[in-house]
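# Structural characterization, general
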Amino acid sequence: MLGAEGVKAATEFAILNANYMRSRLAPHYDILYTNDNGLCAHEFIVDLRPFKKTAQIEAEDVAKRLMDYGFHAPPMSFPVAGTIMIEPTESEDKAELDRFCDALISIREEIKTIENGMADIKDNALKNAPHTQQVVTANEWNHAYSRQDAAFPLHYVTLNKFWPSVARVNNTVGDRNLICTCEPTEMYAEA
């Protein structure tokens, strides 16, 4: 539907967007598999593996924390375990690219507070993410960090908060123990 010129332009924008984000994130994260000029194609891989040693933070923690910033996590551990792959495509505007980069840069700062001993290695905003509305507004708050830091880590989040409906679940248990939530077959019988 785009035609030859449209497909070429979309590809150019996708590559431009990915390299813009890569250049913003490179001072904060290791970027894998760039070319000899440090550039990427339409996607790039952010290496989160070093944080497992320095702060006990894994790719899943970063992915869950992105939900508190209003983002669905990008692909995790594909094609490299302990990484996230970012593919902004041609359809995102610069403001959205910046918002996502700002979130990842803020998350990197949160990791630094753990690395520096300023945040608890087990009770921190990354390990407890995502933070639901029910958790944040509960009468009790038993964490070393504030409710503000949990739910509204950057100002833009306060303007249009997306509340995750559930907190962290054990992903592998759910993958290995499927539970059918379908109606019993008798419900489908014609009357």
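Residues numbered from 1 in each chain as written. Predicted model: local features only at pLDDT ≥ 70, side-chain atom pairs only at ≥ 80, totals over all residues. Heavy atoms only, no water.

### Section: the UniProt feature "domain: Glycine dehydrogenase C-terminal" (unreviewed entry) in the protein
Per the UniProt entry, the sites bearing "domain: Glycine dehydrogenase C-terminal" (unreviewed entry) are residues 10-131 in this numbering. For residues 10-131, helix accounts for 44% and strand for 9%, while the C-alpha atoms at its two ends are 36 Å apart. (UniProt positions renumbered as here; feature names shortened; annotations may be inferred. Helix = DSSP H or I, 4+ residues; strand = E, 2+ residues; numbered from the N terminus.)

### Considerations on the pairing of strand β2 (residues 44-47)
In summary, the side chains of a regular strand alternate between the two faces of the sheet. What you see with β2 is no split at all: Phe44 and Val46 on one side and Ile45 and Asp47 on the other are buried throughout. Pairing geometry for β2 and strand β3 (residues 83-86), over four bridges, is antiparallel. When the bridges of β3 are listed, Val46 appears paired with Ile84. (Buried < 20%, exposed > 50% of the residue type's maximum accessible area, 1.4 Å probe, protein only. Pairing = 2+ DSSP bridges.)

### What about the layout of surface pockets?
Of the pockets and cavities examined, the largest pocket occupies roughly 290 Å³. Lining the largest pocket are 13 residues, and of these Ile86, Glu87, Pro88, Glu92 and Phe100 sit closest to its centre. Elements represented by at least two residues in the lining of the largest pocket include exactly β3 and α4 (94-115). Ranked by the residues each element gives to the lining of the largest pocket, the list is headed by α4, at three residues. Grouping the amino acids of the lining of the largest pocket by side-chain chemistry returns nine nonpolar, one polar and three charged. (1 Å grid on protein atoms, 1.4 Å probe; cavity = no way out; pocket = protein on both sides within 12 Å on 5 of 7 lines; lining within 4 Å. Points joined across faces, edges and corners; volume = space filled by probe spheres on them. Nonpolar A, V, L, I, M, F, W, Y, C, P; charged D, E, K, R; others polar.)

### So, α4
Across its 22 residues, α4 extends 31 Å between first and last C-alpha, which sits within 8% of the 32 Å expected from 1.5 Å per residue. One or two positions beyond α4, positive phi appears at Gly117, with a value near 80°. (Expected span 1.5 Å × (residues − 1).)

### Considerations on the packing of aromatic side chains
For the coordinates displayed, the defined rule picks out four aromatic pairs. A centroid spacing of 6.0 Å and a plane angle of 80° characterise the contact between Tyr29 and Phe51, whose relative ring orientation is edge-to-face. Within this pair, whereas Tyr29 is found in the loop between α1 (3-25) and β1 (30-32), its partner Phe51 is found in helix α2 (residues 50-55), the two being separated by 22 residues in sequence. Accessibility expressed as a relative area gives 3% for Tyr29, which makes it buried. (Phe/Tyr/Trp six-rings, centres within 6.5 Å; stacked < 30°, edge-to-face > 60°.)

### Concerning the environment of Arg22
Tracing the backbone through its elements, the reader meets Arg22 in helix α1. For Arg22 and Pro184, which are 162 residues apart along the polypeptide, the C-alpha to C-alpha distance reads 50 Å. Discounting residues that sit within four places of it in the chain, Arg22 has contacts with Ile31, Thr34, Gly38, Leu39, Cys40 and Phe44. (Contact = heavy atoms within 4.5 Å.)

### So, the packing of α1 against α4
Helix-helix packing: each pair is described by the crossing angle between the helix axes and the interaxial distance. It is the contact of α1 with α4, at a shortest axis distance of 10 Å, that shows an interaxial angle of 30°. Considering their axes alone, α1 and α4 lie roughly parallel with respect to each other. For the pair α1 and α4, the sense of crossing is right-handed. On α4, the residues that touch Asn17, Tyr20, Met21, Arg24 and Leu25 of α1 are Lys94, Leu97, Asp98, Phe100, Cys101, Asp102, Leu104 and Ile105. For the contact of α1 with α4, the class distribution of residues is eight nonpolar, one polar and four charged. (Axes fitted to C-alpha atoms, helices over the stretch in contact; angles between N-to-C directions. Parallel < 35°, antiparallel > 145°, perpendicular 65-115°, else oblique. Left-handed = near helix turned anticlockwise from the far one by under 90°.)

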